[in-house]
Amino acid sequence: MTIVFDGISKSFGGTRALDGIDLRVEAGTIHALVGENGAGKSTCLGVLAGRVTPDSGTVTVAERPHPFGSPRQAARAGVAAIYQELSVVPTLTALENVFLGQERRRASVFEDRRRMREQYRALCARLDVAIAPAQPVAELSIGDQQMIEIMRALVGTPTAILLDEPTAALGPRERSVLYRVVRELKADGVTIIFVSHNLDEVLDLADHATVFRDGRISESRPTAEWTKADLTRAMVGHSLSPAIRTEQRNTRPRELLAVENLTVGSKIQNLSLSLAEGEVVGIAGLVGSGRTTLLRALAGDTPPASGSMRLHGDPRRWPRSVREARRAGIALLTEDRKRSGLFAEATSSDNLLISNLGAVSRLGVVSGSRSVAASRSAATAVRLSEQRLSSPVGVLSGGNQQKVLLARAVHFQPKVFLADEPNRGVDVGAKAEIAASLRGMAAQGSAILVVSSEFEDLYELCDRVLVMWRGTLVAELIGPEITIDAMVSKVFGPGGAVR
Ligand SMILES: Nc1ncnc2c1ncn2[C@@H]1O[C@H](COP(=O)(O)OP(=O)(O)OP(=O)(O)O)[C@@H](O)[C@H]1O
Ligand SMILES: [Mg+2]
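Each chain has its residues counted from 1, running along the sequence as written. For naming, the first written chain is A and the first written ligand is 1, with later ones following in the order written. For this predicted model, a pLDDT threshold of at least 70 governs which residues receive local features, and a threshold of 80 or more governs which side-chain atom pairs are given and counted, while totals over whole chains, interfaces and linings are taken from all residues. The side-chain numbers reported here are obtained from all heavy atoms of the structure, hydrogens and water having been left aside.

**As for the overall build of the protein**
Then, in step 1: Along the backbone of the protein there are 16 helices and 22 strands.
Then, in step 2: C-alpha atoms define the radius of gyration in this analysis, and the globule rule sets the expected value at 2.2 Å times the number of residues to the power 0.38. Computed over C-alpha atoms, the radius of gyration of the protein comes to 23 Å, within 12% of the 23 Å expected from 2.2 N^0.38 for 499 residues, which places it in the range of a compact globule.
Then, in step 3: Overall, the C-alpha framework of the protein stretches about 70 × 50 × 45 Å when taken along its three principal axes.
Then, in step 4: Within the protein, buried positions represent 53% of all 499 residues.
Then, in step 5: What makes two residues a contact is simply this: any of their non-hydrogen atoms within 4.5 Å. When contacts within the protein are restricted to residue pairs at least 6 apart in sequence, those whose partners lie at least 24 apart make up 68%.
Then, in step 6: For the protein, the exposed surface amounts to about 22000 Å²; the carbon and sulfur share of it is 51%.
Then, in step 7: In this charge count, Lys and Arg are treated as positive and Asp and Glu as negative; neither His nor the chain ends contribute. For charged residues, the charge sits on one atom: NZ in Lys, CZ in Arg, CG in Asp, CD in Glu. In the protein, which carries 60 positive and 55 negative side-chain charges, the distance between the mean positions of the two groups comes to 5 Å. Every helix listed is a DSSP run of H or I at least four residues long, and every strand listed is a run of E at least two residues long, numbered separately from the N terminus. Note on exposure labels: buried denotes an accessible area under 20% of the residue type's maximum, exposed denotes more than 50%, and partly exposed covers the range between, all computed with a 1.4 Å probe on protein chains only. Calculation of accessible area relied on Shrake-Rupley with a 1.4 Å probe; when residues are assessed, cover is drawn exclusively from the protein chains displayed.

Dropping the structure here:
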């Protein structure tokens with residue numbers, strides 16, 4: 001069904017999130033929305049999904065006026081949405097989450113259950129996932145949680161599906177499954193609007209791409225008329241230099257952290273690694289290879305079954321909590337922003353300063369002028385605009401929340417910084433700045449361990465890449481050995497690609 005936005009505007013306090021949006025999405029097409037962090041993409045989807053009530057303007061769906069302000073009514077009008085921030089309920093099972101909010105159609109509860117189980121199985125088969133229906137969602141990886149959200153969107157057989165950065169949490173295999181499903185949906189006549197910062201994906205998948213800039217549409221064209229460079233220019237207002245690998249700058253090969261024979265449950269077996277001062281090391285691997293578990297174990301967030309740790313050459317007790325790890329100078333940026341410890345009500349500035357109040361205090365009292373200076377410099381390092389420092393973190397767009405978390409790490413200056421998907425949800429313009437700020441931390445002598453599903457990001461950023469497969473390290477690529485092809489060929493393990 002054709003979707004038409006006509007003069008849609010929305011302000012939040014002083015922020016004009018949408019400023020007179022006119023947009024036509026043709027029935028049965030795939031339409032991509034792109035733009036820098038905070039440009040208004042999620043707000044635009046929110047209007048259609050019944051999450052955001054616009055101040056003015058109308059939307060028609062299949063030539064009927066679309067109801068505002070009620071997700072349930074939006075769903076009745078055939079619109080299903082998958083939000084940027086996961087909205088699964090961690091305490092419920094996979095099956096319960098998939099059917100959450102569905103209106104009951106059968107009189108008998110047993111009949112309902114049976115049908116749900118059947119439909120659940122069919123959805124799993126369609127999305128090529130094996131998630132036990134009774135498994136609590138809290139135990140699933142972020143990628144699997146995302147798949148559960150996608151299943152939930154498909155349950156109601158919608159006529160339009162909105163996907164807000166659906167692939168950010170997915171590995172290459174799940175991504176290609178999602179692309180296939182999106183194309184199948186299109187073939188069935190479903191209208192699809194998706195938001196992505198991955199411009200290759202946009203050009204590959206979408207029929208039409210619209211660029212948002214500061215709450216307005218800067219340009220909208222059929223994909224055939226876009227190039228990656230044009231898209232970038234329309235987003236950021238100027239062109240960016242193409243990706244280049246940073247030279248290996250690690251000049252101080254002094255061991256900072258060494259880990260021996262780490263075993264964590266069934267997820268990591270006998271893994272050993274060491275990080276040197278000033279080094280940026282990447283971990284490449286598929287979803288489920290144990291990357292996140294490794295980072296969480298190093299950060300004191302998941303207790304290992306066995307393993308020993310040395311810091312600066314001295315053996316030390318394995319950290320038993322995140323706090324203990326932080327005291328030793330080991331900090332983690334989690335891939336899951338909801339569990340990252342951002343205080344939604346507090347300002348961005350307070351959220352980032354909290355990691356290291358000592359640095360902005362004198363004689364135990366927090367100094368206003370030092371706080372301002374420190375939060376500005378951390379914000380600059382990650383290209384977070386200064387105006388956002390005084391707004392509550394909870395109202396920032398997803399990508400800008402990620403920048404606040406990174407700024408927090410910049411301010412904390414950990415010895416070992418563990419970054420799980422630091423570029424998740426971050427726009428192309430900011431990626432380079434984030435890479436530069438990670439490099440900057442390394443130049444100060446920290447060691448950085450980065451997990452990313454984007455091989456291109458690892459290629460650009462790392463001095464060394466370790467390839468993880470089923471809980472072990474299966475390859476190490478150093479300097480010029482780091483190529484996208486090398487990573488792709490190693491992540492499937494010794495047997496090579498199987499699918
Ligand atoms: N509930 C809210 N309260 C206050 N401001 C908001 C709210 N929701 C969005 N905004 C503001 O509206 C603007 C647009 O945000 P939006 O989330 O639509 O951006 P986005 O394009 O999706 O960005 P990203 O790529 O980072 O996800 C931002 O400045 C954001 O801070
Ligand atoms: Mg968004």
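**Observations regarding empty space enclosed by the protein**
Then, in step 1: Grid spacing is 1 Å over the protein atoms alone, the probe is 1.4 Å, and a cavity is where that probe fits but cannot get out, while a pocket is an open set with protein on both sides within 12 Å along at least five of seven lines and lining residues have an atom within 4 Å of a point. Grid points are joined across faces, edges and corners, and a volume is the space filled by probe spheres set on the points. Evaluation of the coordinates by the stated rule reveals 4 cavities of 30 Å³ or more.
Then, in step 2: For the largest cavity, the full set of lining residues is I82, I150, A153, L154, I161, L163, L178, V181, V182, L185 and I192.
Then, in step 3: Residue assignment for the lining of the largest cavity shows that the elements contributing at least two residues are helix 5 (142-155), strand 7 (160-164) and helix 6 (172-187).
Then, in step 4: By residue number, the principal contributor to the lining of the largest cavity is helix 6, which donates 4 residues.

**Observations regarding the environment of C44**
Then, in step 1: Considering the arrangement of structural elements, one finds C44 in helix 1 (residues 41-49).
Then, in step 2: C44 sits 36 residues away from I8 along the chain, and the two C-alpha atoms are 8.6 Å apart.
Then, in step 3: Not counting residues within four places of it along the chain, the set of residues in contact with C44 comprises F5, L18, L33 and F212.

**Examining the site of ligand 1**
Then, in step 1: One heavy atom suffices: a residue is near a molecule or strand as soon as one of its heavy atoms comes within 4 Å of it. In the vicinity of ligand 1 there are 21 residues, among which G38, K41, S42, T43 and S397 approach most closely.
Then, in step 2: Counted as a polar contact is a pair of N or O atoms within 3.5 Å, where, for protein atoms, one must be capable of donating a hydrogen and the other of accepting one, and residues adjacent in sequence contribute only when both atoms are in side chains. N37 is positioned such that a nitrogen or oxygen atom in its side chain is 2.9 Å from an oxygen atom of ligand 1.
Then, in step 3: A distance of 3.0 Å separates an oxygen atom of ligand 1 from a polar atom in the side chain of H197.
Then, in step 4: Considered on its own, ligand 1 offers 640 Å² of accessible surface; in the complex 84% of this is hidden by protein.

**A few points about helix 13 (residues 398-412)**
Then, in step 1: The length a helix should cover is 1.5 Å for every residue beyond the first. With 15 residues, helix 13 should reach 21 Å at 1.5 Å per residue; the first-to-last C-alpha distance of 22 Å fits that figure.
Then, in step 2: Note on helix 13: the residue one or two positions beyond its end, Q413, has a positive phi of about 50 degrees.

**So, unusual backbone geometry**
The phi torsion of most residues other than glycine is negative, and most of the peptide bonds are trans.
Then, in step 1: Even without glycine at this site, N270 takes up a positive phi of about 45 degrees.
Then, in step 2: You can see N270 is positioned in strand 12 (residues 268-276).
Then, in step 3: Given the relative accessible area of 52%, N270 is considered exposed.
Then, in step 4: At Q413, a position not held by glycine, the phi torsion is positive, near 50 degrees.
Then, in step 5: For Q413, the position within the fold is in the loop between helix 13 and strand 19 (416-420).

**Here's the deal with helix 5**
Since the α-helix turns once every 3.6 residues, residues separated by three or four places project in the same direction.
Then, in step 1: For helix 5, which comprises 14 residues, the first-to-last C-alpha distance of 20 Å matches the rise-based estimate of 20 Å (1.5 Å per residue) to within 8%.
Then, in step 2: Following helix 5 by one or two positions, T157 adopts a phi angle in the positive range, close to 40 degrees.

**Looking at the sheet that holds strand 4 (residues 56-61)**
Then, in step 1: At least two DSSP bridges between two strands are needed for those strands to be called paired. Read from one edge of the open sheet, 4 strands run 2-1-4-5, paired in antiparallel fashion. Strands with a single pairing partner mark the edges of an open sheet, and in this sheet they are strand 2 (15-25) and strand 5 (64-65).
Then, in step 2: All axes are obtained by fitting lines to C-alpha atoms, using only the stretch in contact for helices, and the reported angles, taken between N-to-C directions, cover 0 to 180 degrees. On the sheet, helix 1 packs against strand 1 (3-12), strand 2 and strand 4 and is oriented at approximately 115 degrees with respect to strand 1.

**Notes on the packing of aromatic side chains**
Then, in step 1: Here is the rule: rings of Phe, Tyr and Trp (six-membered ring for Trp) pair when centre to centre is within 6.5 Å. Planes less than 30 degrees apart are stacked, more than 60 are edge-to-face, and the remainder are tilted. Scanning the model with the defined rule gives 0 aromatic pairs in all.
Then, in step 2: Remark: a charge is flagged as sitting over a ring if the NZ atom of Lys or the CZ atom of Arg is within 6 Å of the ring centre and within 35 degrees of the ring normal. The positively charged end of R51 is found above the aromatic ring belonging to Y83, 3.5 Å away from the centroid.
Then, in step 3: In this arrangement the basic side chain of R326 is found over the ring face of F412, its NZ or CZ atom lying 4.3 Å from the centre.

**Some words on the domain arrangement of the protein**
Then, in step 1: Where a domain begins and ends is set by an automatic assignment or by a domain database. Along its sequence, the protein is carved into domain 1 (3-236), domain 2 (241-329 + 414-499) and domain 3 (340-412).
Then, in step 2: Taken over C-alpha atoms, the centre of domain 2 sits 25 Å from the centre of domain 3.
Then, in step 3: For the pairing of domain 2 and domain 3, the buried interface totals around 1100 Å² over both sides, and the portion due to carbon and sulfur atoms is 67%.
Then, in step 4: By definition here, a salt bridge exists when the distance from a side-chain nitrogen of Lys or Arg to a carboxyl oxygen of Asp or Glu is within 4 Å. Inspection of the domain 2/domain 3 interface yields 0 salt bridges.
Then, in step 5: On the surface where domain 2 and domain 3 come into contact, there are 2 residue pairs in polar contact (both at pLDDT 80 or more).
Then, in step 6: Broken down by element, the side of domain 2 that touches domain 3 gets its largest block of residues, 7 residues, from helix 14 (residues 428-443).
Then, in step 7: Residues are sorted three ways: Asp, Glu, Lys and Arg are charged, Ala, Val, Leu, Ile, Met, Phe, Trp, Tyr, Cys and Pro are nonpolar, and all the rest, Gly among them, are polar. Taken together, the residues that form the side of domain 2 that touches domain 3 break down as 8 nonpolar, 3 polar and 5 charged. Here the buried area means the combined drop in accessible surface, using a 1.4 Å probe, for two parts upon being joined, counting both sides.

**Side note on the environment of T223**
Then, in step 1: Tracing the backbone through its elements, the reader meets T223 in the loop between strand 10 (216-222) and helix 8 (228-236).
Then, in step 2: Under the relative-accessibility criterion, T223 is labelled buried at 7%.
Then, in step 3: Each C-alpha atom, one on T223 and one on M147, is 26 Å from the other, the two residues being 76 residues apart in sequence.

**Re the side chain of H31**
Then, in step 1: Within the secondary structure, H31 is located in strand 3 (residues 30-35).
Then, in step 2: Residue classification places H31 among the buried residues on the basis of a relative accessible area of 1%.
Then, in step 3: Here T210 takes part through its side chain, which lies 2.7 Å from a polar atom of the side chain of H31.
Then, in step 4: The contact partners of H31, leaving out residues within four places of it in the chain, are L23, R24, V25, I192, I193, F194, H208, T210 and S220.

**Examining the pairing of strand 2**
Then, in step 1: Examined bridge by bridge, strand 1 and strand 2 share 7 bridges and lie antiparallel to one another. Bridge pairing links I8 to I21 in strand 2.
Then, in step 2: Taken together, strand 1 and the strand that follows it, strand 2, pair antiparallel across an intervening segment of 2 residues, in which G13 is found at a positive phi of about 55 degrees.

**Observations regarding the nonpolar core**
Then, in step 1: In this text, buried Ala, Val, Leu, Ile, Met, Phe, Trp, Tyr and Cys residues form a nonpolar core when linked through side-chain atoms within 4.5 Å. Ranked by internal contacts, the top residues of the largest apolar core, which has 49 residues, are Y120, I148 and M151.
Then, in step 2: Looking at this core element by element, the count peaks at 7 residues for helix 5.
Then, in step 3: Not counting residues within four places of it along the chain, the set of residues in contact with Y120 comprises A94, L95, V98, F99, I131, A132, P133, I148 and M151.

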